Amino acid sequence: MTKKKIYLGKIVAPHGVRGLFKVEFYNNNFSNIKTYKNKIYIGCLQINLEKKFSKGKLTICKSEMYNSREDVKRFIGKELWIDESNLEKEGQNDYFHKDLIGCKVYNKNNEFLGKVIAVHNFGAGDLLELGKNYKYMIRFYDLNKQGIDTQGKIIKLSKNYEL
């Protein structure tokens, strides 16, 4: 069975001389590393991470695999990933960005706007990019949880976007 990789972040630099390293997580809400013990990989290697502290946008981590700065240097730039089947949702109505890709989006008047082809974040919140030559991005802020049906692949907006 082929694993579907979900990339969590990458190792960007060593931190100090005792094997600590800096990780840039792609999702700034990835805080409970302990939940994913024995589930995170670098390439084909399974790695257990221990969060030591945060420093700006980076997380300083430790792993039993690394005991020195030189050990860490071999993995700089390598991405951390988890198998999709190991992702855990916090609540029943939670979803991942990947769940929104392919959803049909309808405005408040039930007019079809397009399908979600990507989810972006340029620093001011998540945005949905739609296909079908839709020229605007939809602010995540304008979605309500009741309007998102990831099983049926439908999103109904609480605001009225134009066609």
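Not measured: the values here are computed from a predicted model.

*Asks:* Got a sec to walk through unusual backbone geometry? Specific residues and values, please.
*Replies:* Phi at Asn38 takes a positive value of approximately 65°, unusual for a residue other than glycine. With respect to the secondary-structure elements, Asn38 resides in the loop between β2 (20-25) and β3 (40-42). For Lys153, which is not glycine, the phi dihedral falls at a positive 60°.

*Asks:* Hey, could you go over the pairing of strand β13 (residues 154-157) for me, with residue numbers and the actual values?
*Replies:* Here β13 shows a clear split, with Ile155 and Leu157 buried on one side and none of Ile154 and Lys156 buried on the other. Bridge count between strand β12 (residues 143-149) and β13: three bridges; the pairing is antiparallel. By the bridge assignment, Asp149 is partnered in β13 with Ile154.

*Asks:* So what's going on with the nonpolar core? Which residues, and what values?
*Replies:* Of all hydrophobic cores here, the largest spans 18 residues; its most connected members are Ile11, Phe21, Ile47, Leu49, Tyr66 and Leu80. Those elements giving two or more residues to this core turn out to be β1 (5-15), β2, β3 and β7 (79-83). Top element by residues in this core is β2. It accounts for three residues.

*Asks:* Residues and numbers for the pairing of strand β9 (residues 112-121), please.
*Replies:* Across three bridges, the pairing between strand β8 (residues 104-106) and β9 is antiparallel. If you follow Lys104 over to β9, its bridge partner there is Lys115. Connecting β8 to the antiparallel partner β9 that follows it, the hairpin turn spans five residues, and Asn110 within it adopts a positive phi of roughly 65°. Pairing analysis gives five bridges linking β9 to strand β10 (residues 126-130), with the strands arranged antiparallel. If you follow Asn121 over to β10, its bridge partner there is Asp126.

*Asks:* How would you explain the sheet that holds β13 if you had to name every residue and give the values?
*Replies:* Read across the open sheet, the six strands follow the order β11-β10-β9-β8-β13-β12; overall the sheet is mixed. For this open sheet the edge positions go to β11 (137-139) and β12, each flanked by a neighbour on one side alone. Going from strand to strand, the sheet's axes swing by 40° on average, the running direction of each strand aside.

*Asks:* Tell me about the sheet that holds strand β4 (residues 45-47), and name the residues and values.
*Replies:* In spatial order, the strands read β4-β3-β7-β1-β2-β6-β5; together these seven strands make up an open sheet with antiparallel pairing. Single-partner strands in this sheet number two, and they are β4 and β5 (50-55). Shown here is a sheet whose adjacent strand axes are inclined to one another by a mean of 40°, direction ignored. Where β2 meets strand β6 (residues 58-62), three bridges bridge the pair, whose relative direction is antiparallel. Across the sheet, residue Val23 finds its bridge partner in β6, namely Thr59.

The rules behind these values
- Residues numbered from 1 in each chain as written.
- Predicted model: local features only at pLDDT ≥ 70, side-chain atom pairs only at ≥ 80, totals over all residues.
- Heavy atoms only, no water.
- Helix = DSSP H or I, 4+ residues; strand = E, 2+ residues; numbered from the N terminus.
- Buried < 20%, exposed > 50% of the residue type's maximum accessible area, 1.4 Å probe, protein only.
- Pairing = 2+ DSSP bridges.
- Core = buried A, V, L, I, M, F, W, Y, C linked by side-chain atoms within 4.5 Å.
- Axes fitted to C-alpha atoms, helices over the stretch in contact; angles between N-to-C directions.

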